[in-house]
Amino acid sequence: MKLRNKLFITFAVLVLIPLIIIGVAVHQIFATSKSEEVITKTENTIIQLNQNLDLMMEDAARDTLSVLYNNSLLNILREYKRYTPVFYKNYNHSNSFSLFLSASLYNKEQVDGIHVFTNNGQTFSHMDDYRIDNSIDLEAQEWYSSVRERQGDWMVLPEHIPTYYKKNDESYVSLIRLLRDPNDKKQLGFIKVDFSPGYLDKITEQLPSENWQIFREGKPLFQKERDQLLLSCNANGKWIEDTQSSEEYLCVSNTSSKTGIQISNVIPKTYLYSEIKDFNFLLITVLVISLFVSLILSYFMSNYLLKPLELLKKRIKEFQVNKMSNQISVESKGDIGELGGAYNYMLSEINSLVEETYELNRRNSEAEFKALQSRMDPHFIFNALESINMTAIARGQLELSDMISELGRLIRYRLRNDEQQISLKEEIDFTETYVAIMKRRLGDSLVVEWNIADGVTSYQVPKYIIQPLIENAIAHGFDSQMEDITITIKIELEGGKLQIAVYDNGTGIGYKRLQKIKESINNSIVKAENQADSTSQNNGIALENIASRLKLIHGENSRLFINAEPGKGTRINIVIPIEE
């Protein structure tokens, strides 16, 4: 195997192994972090939901007890015995209960209705007669026996359709309590609170998936397709499997210590790992690209490192053609053996060829150097800057390191010549980088103030429209007699147009010079081959250039204005129409 191939394989293995290790580690860290994030977020959501349900249940329980503290209502209930015939409602009785229950319902969106049922089934409610029946058959109700067994303690009824509502097919979760006479503990009736289905839907919308259930005393409160699956969900982080679809679910559960309400939520594995799959695809793509680039670099690097050896071998073979008699013993094979065999023929002429070989090597080195010079590209500049930056950091010269980094960002931005327009944020970032470099030279003498309205940085603007204005302000508005110069940049949206204003407190511009600049701007003359005008300070971007580019991109709706007064600074306004 040739040395080049060995070196290439070695580079490839050295790159591939770390990439695989890093990829596996990053995947494990992200997958674990994402799972913990989903579990924590869901658990916090369930805890908050449970607290809301606790408050709802406790509030409803208090409302059901409030009747027992109202003597007039107790006296009314005592009049209705079990076998008392049901007549039309007594107006005074109905009005008393209606006012009391309406007051209990005030500002409670979680409750649809509160109803009191007497021993003979008479119904008292805050609702009108056209919405609710006058009476019900108590003993025919499914909950009748269970509530009586509670002896006055409240219980929660799972989702059901009440029989006493007229023209209603909605299902309700309810809280119900047996009313007992405080004096003799005899049964006076029942009070029932029907919770609003819309409110329950609203507070459960925050759960991350539709596979949830609310239990109390081991019984589900809602009719769900996956109740059997949810019944198995009793511990956080437990994986359970749907026997029908064989799909795995992550269980997240919480039980209230106050009301005993348990909320369970099962999250499909596909939902949990959807973002992880996207991340894995991105990670694999990055690793493959990195590996491909590394292999290419390894190939060229091996060629580069072995180039002198290949050249030497070629030259030795050329000497071998001369059939010289000076020989040495060659035992090894392969590349080194070939070099040794060629060296036998080179010995006889080594002295005479030293100068020739030296001259040849010198010329080859110069040619190689010139070739490398001609192939220099921006990557070389960035690599050089990075090397200088790392040296500055190593020597503790952090300010110099910051300046080099800022210079690199400026150069990288300036090399992006294929874009006519960029976002306003990118232009601001570029300008701030330039200002940071200038502040390192001018120190506190330079003050730049930004006043940017919210929501404008995403709009597209022509490239190089703010930084040249800052540069001109520093170059022409600052002189040795001034202690400092303040530059203010104000950007806002007004009348569907982006308003950019740059003004300073510098030396200003004389009247004649100002008129000349205004005339040049109005004519929108761009002379790229002659940028020596003092308004551009040889930076390649004059006010005329900005005005011309604005006109070419946005037409007559765009404007650039300049106003100045000697000794009082300069103000430049740019107006750019916003395209919806």
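Each value, and the rule that gives it
- Residues numbered from 1 in each chain as written.
- Predicted model: local features only at pLDDT ≥ 70, side-chain atom pairs only at ≥ 80, totals over all residues.
- Heavy atoms only, no water.
- Helix = DSSP H or I, 4+ residues; strand = E, 2+ residues; numbered from the N terminus.
- Buried < 20%, exposed > 50% of the residue type's maximum accessible area, 1.4 Å probe, protein only.
- Contact = heavy atoms within 4.5 Å.
- Areas by Shrake-Rupley, 256 points an atom, 1.4 Å probe, with all protein chains shown as cover.
- Phe/Tyr/Trp six-rings, centres within 6.5 Å; stacked < 30°, edge-to-face > 60°.
- Core = buried A, V, L, I, M, F, W, Y, C linked by side-chain atoms within 4.5 Å.
- Axes fitted to C-alpha atoms, helices over the stretch in contact; angles between N-to-C directions.
- Parallel < 35°, antiparallel > 145°, perpendicular 65-115°, else oblique.
- Left-handed = near helix turned anticlockwise from the far one by under 90°.
- Nonpolar A, V, L, I, M, F, W, Y, C, P; charged D, E, K, R; others polar.
- Pairing = 2+ DSSP bridges.
- Arc of directions from axis to C-beta.
- pLDDT = per-residue confidence, 0-100.
- Salt bridge = Lys/Arg side-chain N within 4 Å of Asp/Glu carboxyl O.
- Patch = residues over 30% accessible without salt bridge, like charges linked within 9 Å, V, L, I, M, F, W, Y side chains within 5 Å.

Peer 1: Could you give an account of the overall build of the chain, with specific residues and numbers?
Peer 2: A tally of regular secondary structure across the chain gives 16 helices and 17 strands. Looking at the chain residue by residue over its 580 residues, the buried ones come to 40%. For the chain, the share of sequence-separated contacts (at least 6 apart) that also reach a separation of at least 24 residues comes to 62%. Accessible surface, the chain as shown: approximately 33900 Å² in total, 52% of it carbon and sulfur.

Peer 1: So what about the packing of aromatic side chains? Which residues, and what values?
Peer 2: Summed over all chains, the structure comprises nine aromatic pairs. Judged by centre distance (5.4 Å) and plane angle (40°), the rings of tyrosine 165 and tyrosine 172 are tilted. With respect to burial, tyrosine 165 and tyrosine 172 carry one shared label: buried. Ring plane angle 65° and centroid distance 5.8 Å describe the contact between phenylalanine 430 and tyrosine 464, whose orientation is recorded as edge-to-face. You can see phenylalanine 430 sitting in helix α13 (residues 424-442) and its partner tyrosine 464 sitting in the loop between β13 (460-462) and α14 (467-477), a full 34 residues away along the chain. Tyrosine 464 matches phenylalanine 430 in its accessibility class, with the two residues each being buried. Through pairs of rings, three or more aromatic residues link up here, namely Phe117, Trp143, Tyr144, Tyr164, Tyr165, Tyr172 and Phe190.

Peer 1: So what's going on with the side chain of glutamine 467? Residues and values would help.
Peer 2: With respect to the helices, strands and loops of the structure, glutamine 467 is situated in helix α14. Apart from the residues within four sequence positions on either side, glutamine 467 is in contact with Glu427, Phe430, Thr431 and Tyr434.

Peer 1: Describe the nonpolar core, listing the residues and the values that go with them.
Peer 2: Core analysis: the largest hydrophobic core is formed by 47 residues, its most contacted members being Leu53 and Phe195. The element contributing the most residues to this core is helix α1 (residues 3-66), with nine residues.

Peer 1: Go over the packing of α13 against α14, please, and point to the residues and values.
Peer 2: Relative to each other, α13 and α14 sit at 20°, their axes nearing to 9 Å. Taken as axis vectors, α13 and α14 run roughly parallel relative to one another. The way α13 lies across α14 gives a crossing that is right-handed. Contacts from Glu427, Phe430, Thr431, Tyr434, Val435, Met438, Arg441 and Leu442 of α13 reach α14 at Gln467, Ile470, Glu471 and Ile474. Split by residue class, the contact of α13 with α14 holds seven nonpolar, two polar and three charged.

Peer 1: Give me the pairing of strand β10 (residues 261-268): which residues, what numbers.
Peer 2: Of all eight residues making up β10, eight are buried, and the element is well covered by its neighbours. A two-sided burial pattern is seen for β10, the buried positions comprising Ile261, Ile263, Asn265 and Ile267 on one face and Gln262, Ser264, Val266 and Pro268 on the other. Pairing of strand β6 (residues 212-216) with β10, which is carried by five bridges, proceeds in the antiparallel orientation. Opposite arginine 216, over in β10, you have isoleucine 261 as the bridge partner. Pairing geometry for strand β9 (residues 248-255) and β10, over seven bridges, is antiparallel. Pairing of valine 252 across the sheet is with asparagine 265, part of β10. Count of turn residues in the β9/β10 antiparallel hairpin: five residues, of which glycine 260 carries a positive phi of about 75°.

Peer 1: Summarise the sheet that holds strand β2 (residues 123-125); cite the residues concerned and give the values.
Peer 2: In spatial order, the strands read β2-β1-β5-β4-β3; together these five strands make up an open sheet with antiparallel pairing. Two strands lie at the open edges of the sheet, namely β2 and β3 (155-160), each paired on one side alone. Neighbouring strand axes in the sheet, compared pairwise and without regard to direction, differ in orientation by 25° on average. Alignment of β3 against strand β4 (residues 172-180), held across four bridges, turns out to be antiparallel. Paired with valine 156 across the strands is leucine 175, a residue of β4.

Peer 1: Residues and numbers for the sheet that holds strand β8 (residues 238-241), please.
Peer 2: Taking strand neighbours across the sheet as the criterion, the five strands line up as β7-β6-β10-β9-β8 in an open arrangement whose pairing is antiparallel. In this open sheet, the two strands that pair with only one neighbour each are β7 (219-220) and β8. The pairing of β6 with β7 spans two bridges and is classified as antiparallel. Across the sheet, phenylalanine 215 pairs through a bridge with proline 220, a residue of β7.

Peer 1: Would you mind going over the packing of helix α2 (residues 71-78) against helix α3 (residues 91-105) in detail, with residue names and values included?
Peer 2: Axis separation between α2 and α3 bottoms out at 11 Å; the angle between their running directions is 135°. Overall, the two elements α2 and α3 adopt an arrangement that is oblique. Helix-helix and strand crossings are classified by hand; for α2 and α3 the assignment is left-handed. Two secondary-structure elements touch here, α2 through Leu73, Ile76 and Leu77 and α3 through His93, Ser96, Phe97 and Phe100. When grouped by side-chain class, the residues that make up the contact of α2 with α3 number five nonpolar, two polar and no charged.

Peer 1: Got a sec to walk through α2? Specific residues and values, please.
Peer 2: Considered for burial, the residues of α2 that qualify are Leu73, Leu74, Ile76 and Leu77. Down the axis of α2, the buried set is contained in an arc of 160°. They therefore lie on one face. Against the buried residues of α2 lie α3, β1 (111-118), β2, β4 and β5 (187-195).

Peer 1: Residue-level account of unusual backbone geometry, with values.
Peer 2: Despite not being glycine, glutamine 151 shows a phi value in the positive range, around 55°. Tracing the sequence through the fold places glutamine 151 in the loop between α4 (144-149) and β3. You will see that lysine 185, though not glycine, has its phi angle at about 65°, which is positive. Along the chain, lysine 185 falls in the loop between β4 and β5.

Peer 1: Can you explain the environment of asparagine 522? Please cite residues and give values.
Peer 2: Here asparagine 522 shows up in helix α15 (residues 511-523). Sequence separation between asparagine 522 and alanine 547 is 25 residues, and the spatial gap between their C-alpha atoms is 8.0 Å.

Peer 1: So what's going on with the confidence of the model for the chain? Residues and values would help.
Peer 2: Summary statistics for the chain give a mean pLDDT of 78 and a share of 76% for residues scoring 70 or more. Below pLDDT 50 for its whole length, residues 369-376 participates in zero contacts with residues either more than four positions away or in separate chains.

Peer 1: If you had to explain the pattern of salt bridges to someone new, which residues and values would you point to?
Peer 2: Between side chains of opposite charge, a pair can form when the charged atoms approach closely. Within the structure shown, the criterion is met by twelve salt bridges. Among the salt bridges present, the one from arginine 216 reaches glutamate 217, with a minimum N-O distance of 3.3 Å. Several salt bridges converge on common partners, so that one network encompasses Asp59, Arg62, Asp63 and Lys108.

Peer 1: Any chance you could break down a nonpolar patch on the surface for me, citing the residues and the numbers?
Peer 2: A cluster of nonpolar side chains, Ile289, Phe292, Val293, Ile296, Leu297, Tyr299 and Phe300, forms an exposed patch at the surface whose accessible area comes to about 710 Å². Inspection of the secondary structure assignment puts phenylalanine 300 in helix α8 (residues 274-320). Note on phenylalanine 300: relative accessible area 53%, which makes it exposed.

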